[in-house]
Amino acid sequence: MDIPDSNPEPEKRDVGASMPDSSAPAAGQPKISLREIFLTFLAIGATSFGGGVVAYLRSSLVEKKQWLNDDSFLEVLEISQTLPGLNATNMAVLVGDKLRGWPGAVAGFLGMLLPGATLILILGIVYASNAHNETLNAVLKGVGAASVGLLLAVTLQIGRRQLEHRLDVAIVAVTLVLVSFVHVMLPIVLLTVGPIAIFLYRPRTHLPHKADDHTYDKRSTD
Amino acid sequence: MNFGSLFSLLWVFSVLSIMAVGGGTSVLPAMKDFTVELQHWVNEDQFRDIYALGQLVPGPNMLMVIVIGYHVAAIPGAIIAFLGFFVPSSLVAVGTGRVWNHFEGSPWRTAIQRGFAPIVVGLMLAGTISIARTAITGDSEQIQICLALAAIVFVILYFGKKMNPALLILAGGVAGWIFLR
């Protein structure tokens, strides 16, 4: 297999020189090769079927490779989930960057995505030339219907864990109605509901006085 | 193939990439708007089929953008759509990851996370509805079968024991082959 980034020039992490060096591996720890980063994420990228990539990542990065401990894994996961983009790719580039800077991020990115990308390109070419094949359409229709059930289950599982208060439910409802029923474009939704939601959960201790303790104040600890 | 369509692909998928808070499902409605309604790159049935293809491969199901790109401009289109969707958000991730620890313990960091959590859930629900609108179609008998499939998968995953969703997705394909032809 050809590995585009397994052989980088031994450049120092000068890209990150002006950055806080929190991403550098602890001193004295042997340097992890780009090849190993690539192959580790390649294995995850090739086996993580049906979503749930976080579980695969944890078992590989924390348990098998021990590149991260539980706390740093959670920290990276937290960043991945807060930022735009997919968990899988965000985790891959963040962990790659933590281990080896930009080349590591590229190695993680390619490893995570190449298996699925190659496979879906092949499937896509087959699909394009059989777009009216009834059997293929029926199979994909079944897959589509099943994935609606999957999406709903994942969404409600996430929602059930995170949403404890009426304010949360209200924000969920407003977002859902704007996108699905009023058909407001996503950028506009994010630029309006986003700041309002952040404002509603603003750090309350900075307020001169706090009139009433709403239930969501309890959340400040988590 | 012309450069205009490659540029549109790059532009559309880069915008979607930056907007994908909480993951790919959040941008599904916008992706459908852009690719089906506005640009007419694929029709609604193709969008559903392509989404289903994304479920069948390992890695993020948003790799489906490669197939949309392929429909627009063959292999170059596939590559541009892939880069457009995956590179911008990754650059943001690395950049933010490096400064993130500066904000350790900042109450605003918590505020942003708390504020966006329900937005993400709302967007994921919207994404689910968006796929449901295209995936649960056909004559009334087909609609019932599709609904039944979705419901069975949901009940097993939500209430049942932990199992690999990929198996249920494959079972959905088999059920489609038997019942939806």
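Owing to the predicted nature of the structure, the values given are computational and were not obtained by experimental measurement. (Residues numbered from 1 in each chain as written. Chains lettered and ligands numbered in written order. Predicted model: local features only at pLDDT ≥ 70, side-chain atom pairs only at ≥ 80, totals over all residues. Heavy atoms only, no water.)

Caption draft 1: Seen up close, the overall build of chain B. Scanning chain B from terminus to terminus reveals seven helices and zero strands. The order of helices and strands in chain B, counted from the N terminus, is α-α-α-α-α-α-α. Here chain B holds 181 residues, and the buried ones make up 60% of them. In chain B, 57% of the contacts between residues at least 6 apart in sequence involve partners at least 24 apart. (Helix = DSSP H or I, 4+ residues; strand = E, 2+ residues; numbered from the N terminus. Buried < 20%, exposed > 50% of the residue type's maximum accessible area, 1.4 Å probe, protein only. Contact = heavy atoms within 4.5 Å.)

Caption draft 2: Molecular detail of the packing of helix α4 (residues 87-129) of chain A against helix α4 (residues 65-100) of chain B. One way to put it is that α4(A) packs onto α4(B) with a least axis distance of 10 Å and a crossing angle of 160°. Looking at the two axes, α4(A) sits roughly antiparallel to α4(B). In the packing of α4(A) onto α4(B), the handedness of the crossing is right-handed. The residue inventory of the contact of α4(A) with α4(B), partitioned by class, reads 23 nonpolar, eight polar and two charged. (Axes fitted to C-alpha atoms, helices over the stretch in contact; angles between N-to-C directions. Parallel < 35°, antiparallel > 145°, perpendicular 65-115°, else oblique. Left-handed = near helix turned anticlockwise from the far one by under 90°. Nonpolar A, V, L, I, M, F, W, Y, C, P; charged D, E, K, R; others polar.)

Caption draft 3: Inspection of helix α7 (residues 186-200) of chain A at higher detail. Helix length check: α7(A), at 15 residues, gives a terminal C-alpha distance of 20 Å against a target of 21 Å (1.5 Å per residue), a fit within 8%. Taken together, the buried positions of α7(A) are occupied by A:L186, A:V189, A:L190, A:V193, A:G194, A:A197 and A:I198. Buried residues in α7(A) make contact with α6 (166-181) of chain A together with α1 (3-19), α2 (28-38) and α5 (107-135) of chain B. (Expected span 1.5 Å × (residues − 1).)

Caption draft 4: Just the packing of aromatic side chains, in detail. For the structure on display, the rule yields eight aromatic pairs over all chains. Seen in terms of ring centroids, B:F13 and B:W41 are 6.2 Å apart; in terms of plane orientation they differ by 25°. Their pairing is stacked. One end of the pair, B:F13, is in helix α1; the other, B:W41, is in the loop between α2 and α3 (44-56), with 28 residues separating them in the sequence. A single burial state applies to B:F13 and to B:W41, both of which are buried. Both rings, one in B:F154 and one in B:Y158, keep their centres 5.2 Å apart while their planes meet at 15°; by these two values the pair is stacked. Of this pair, B:F154 and B:Y158 are both found in helix α6 (residues 140-159), four residues apart, which corresponds to roughly one turn of the helix. Its relative accessible area of 14% is what places B:F154 among the buried residues. In this arrangement the basic side chain of B:R114 is found over the ring face of A:Y201, its NZ or CZ atom lying 4.4 Å from the centre. (Phe/Tyr/Trp six-rings, centres within 6.5 Å; stacked < 30°, edge-to-face > 60°. Lys NZ or Arg CZ within 6 Å of the ring centre and 35° of its normal.)

Caption draft 5: A look at a nonpolar patch on the surface. On the surface, A:I125, B:I75, B:I79 and B:L83 cluster together into a nonpolar patch covering about 300 Å² of accessible area. If you tally residues by element for the nonpolar patch, the top one is α4(B), at three residues. By the secondary structure assignment, A:I125 is in helix α4. With relative accessibility at 32%, the residue A:I125 sits in the partly exposed group. (Patch = residues over 30% accessible without salt bridge, like charges linked within 9 Å, V, L, I, M, F, W, Y side chains within 5 Å. Areas by Shrake-Rupley, 256 points an atom, 1.4 Å probe, with all protein chains shown as cover. Salt bridge = Lys/Arg side-chain N within 4 Å of Asp/Glu carboxyl O.)

Caption draft 6: Main features of the nonpolar core. In terms of nonpolar packing, the biggest core is built from 121 residues, with B:F13, B:M31, B:M64, B:F85 and B:F86 touching the most fellow members. Per-element accounting of this core gives the leading share, 16 residues, to α4(A). Discounting chain neighbours no more than four positions away, the residues touching B:M64 are A:I120, B:L28, B:M31, B:F47, B:I50 and B:Y51. (Core = buried A, V, L, I, M, F, W, Y, C linked by side-chain atoms within 4.5 Å.)

Caption draft 7: Spatial organisation of the interface of chain B and chain A. Of the residues lining the interface, 105 residues belong to chain B; the matching set on chain A comes to 94 residues. Taken together, both faces of the contact between chain B and chain A bury some 8,800 Å²; the carbon and sulfur share is 75%. By the criterion of area lost to chain A, the three top residues of chain B are B:P58, B:R98 and B:R114, representing 10% of everything that side buries. If you look at where chain B meets chain A, you find two salt bridges. Note that A:D97 is salt-bridged to B:R98, the shortest N-O span being 2.5 Å. Linking chain B with chain A are ten residue pairs in polar contact (both at pLDDT 80 or more). Tallying contributions element by element places α5(B) first for the side of chain B that touches chain A, with 26 residues. Here the side of chain B that touches chain A is built from residues that sort into 65 nonpolar, 30 polar and ten charged. (Buried area = accessible area lost by both parts, 1.4 Å probe. Polar contact = N/O pair within 3.5 Å; in protein donor to acceptor, adjacent residues only side chain to side chain.)

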